[in-house]
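# Descriptive structure summary
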Amino acid sequence: MQVFPISEAQPPEHRAALPSSADVVVIGGGVIGVSASLFLARAGLRVTLLEKGRIAGEQSSRNWGWIRVTGRDLAEVPIALEAQGLWQKLAQEVASDIGLTQGGVAYLAESEADLNEYAAWLESAKPLGVSSELLDSNAVRDLMPQASRQWAGALWTPTDMRAEPFVAVPALARLARDAGVTIREACAARLIETEAGQVSAVVSEHGSVKTNAVVLAGGAWSSLFLRRHGLSIPQLSVRSTAGRTSAVDDVYSGGAIDGRVGFRRRQDGGYTLAQEVRSDLFIGPDAFRALPFFVGQLMRQPFRVTYRPAAPRHFPDAWGTKRFWRADEQSPFERMRVLNPRPNARATAKALGFFKDSFDAADKAELIQHWAGMIDFMPDMVPVVDQVGDLPGLTVATGMTGHGFGIGPAFGRIVADLVQGKAVGHDISRFRFSRFADGSRLVPGPGV
């Protein structure tokens, strides 16, 4: 049985010997890197996946487990729909039960203003093929008959799904391994070497792998890795805390969120809870560098982030973390194998209180575990998924803003096609790497 949270204390499962060369080297063993590796291998390429810590050790296993279309940026909606189809297919192929359930997701409205915001999103998203609909107060009561409080309505997507992330992503990694991917955990990629201005090799702590193609899917570590190569994106990371309850009566089989608490049914009979979407930003050098890009977002949602004076030692944006290192010296990625922030116990306690306040049947629920993860995000709340013009051979997929798990297989497929020079089947211009430097006006994603 998979132990959670996944940590460096657990023995590595994947310890394949490094090859001297590969068609593609993927850096990062989260859902994006694992999915990209799988689709690249199925296309017949020799793929090596390097993970500094453990597969899914960070945010890919620490998220809420939602696989949703609800509320997504319009550029992401077609990709999220594809991802849901891929999850259903992959769930049939993996050896583990990943808990995939089509329970729906409900964004519960506290006010008419919330409903109007949801209605505006739905009007734009409906032509894209979403199953979402607006529910009035009575319809929400029918959806959640055990609720002890009343909401003004909801944006509900019945085809949205949930799964157990800490089971699902390792299961996908085993599928990738069986497809021929060479996976090496506890093996940090230190830097990319170049010849004639383009990718020629990846130097890891255990040796070099010659390659002409690299996929960087490093989550919260991506910006630090890119900066070492003279490349910059305004990516920051925030701490998000969640917890799980003891087994309780089923008050709603899917996922839901209102202005106080987010929750979703778990395979073990409990619920994953989080205090709405509040998070903690640890102030470091990148926070100051990226501030001009984030001013608009801070003005839109000024109270959703709590600012902390400094990141813990060895965090990606800690004041003491190195920004430059040589190929023959220890990198920051080896100093912190798994980014495992201390959870905010106060936040999970509040979330449990809000959950009990919403459902009398949850009165006996106890919080039996809590954890935190670092969510990598961009100023416009959509990711970077693109090839890097300034370093030919490098493809970046990062800044998933807390929803990488659900959309991961589809972005993995897109990345695999980008690497091969194939048409990706979606308009991904909104996710281009250059948008922060080409003078474009940043358009924030939806606040729903």
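Residues numbered from 1 in each chain as written. Predicted model: local features only at pLDDT ≥ 70, side-chain atom pairs only at ≥ 80, totals over all residues. Heavy atoms only, no water.

### Focus: the sheet that holds strand S20 (residues 384–387)
As summarised here, the arrangement of the six strands in space is S8-S2-S1-S12-S21-S20, forming an open sheet in which the pairing is mixed. Unpaired on one side and paired on the other, strand S8 (182–184) and S20 mark the two borders of the sheet. Each strand axis lies, on average, 15° off the axis of its neighbour in the sheet, ignoring direction. Summarising the sheet, S20 and strand S21 (residues 394–398) pair through four bridges and their orientation is antiparallel. Paired with Asp 386 across the two strands is Val 396, which belongs to S21. Contacting strand S1 (24–27), strand S12 (214–216), S20 and S21, helix H11 (residues 404–420) runs over the sheet at an angle of about 15° to S20. (Pairing = 2+ DSSP bridges. Helix = DSSP H or I, 4+ residues; strand = E, 2+ residues; numbered from the N terminus. Axes fitted to C-alpha atoms, helices over the stretch in contact; angles between N-to-C directions. Contact = heavy atoms within 4.5 Å.)

### Here we look at helix H3 (residues 77–93)
Because the α-helix completes a turn every 3.6 residues, residues three or four places apart line up on one side. Compared with an ideal rise of 1.5 Å per residue, which puts 17 residues at 24 Å, H3 spans 25 Å between its outermost C-alpha atoms and is within 8% of the ideal. Within H3, the full set of buried residues consists of Val 77, Ile 79, Ala 80, Ala 83, Gln 84, Leu 86, Trp 87, Leu 90 and Ala 91. Contact partners of the buried residues in H3: helix H1 (31–42), strand S3 (66–67), helix H4 (112–125), strand S7 (161–162), helix H6 (165–178) and H11. (Expected span 1.5 Å × (residues − 1). Buried < 20%, exposed > 50% of the residue type's maximum accessible area, 1.4 Å probe, protein only.)

### Description of empty space enclosed by the protein
By the definition in use, this model includes four cavities of 30 Å³ or more. Taken as a whole, the largest cavity holds about 560 Å³ of empty space. Forming the walls of the largest cavity are 45 residues, and the residues nearest its centre are Gly 30, Ala 217, Gly 218, Gly 219 and Ala 220. Breaking the lining of the largest cavity down by element, the ones donating at least two residues are H1, helix H2 (59–62), helix H7 (222–228), strand S19 (367–377), S21 and H11. What the second largest cavity holds in volume is close to 160 Å³. Ala 220, Leu 236, Ser 237, Pro 316 and Asp 317 are, among the 14 residues lining the second largest cavity, the residues nearest its centre. Going through the elements one at a time, H7, strand S13 (236–245) and strand S17 (279–282) are the ones with two or more residues in the lining of the second largest cavity. Classifying every residue of the lining of the second largest cavity gives nine nonpolar, three polar and two charged. (1 Å grid on protein atoms, 1.4 Å probe; cavity = no way out; pocket = protein on both sides within 12 Å on 5 of 7 lines; lining within 4 Å. Points joined across faces, edges and corners; volume = space filled by probe spheres on them. Nonpolar A, V, L, I, M, F, W, Y, C, P; charged D, E, K, R; others polar.)

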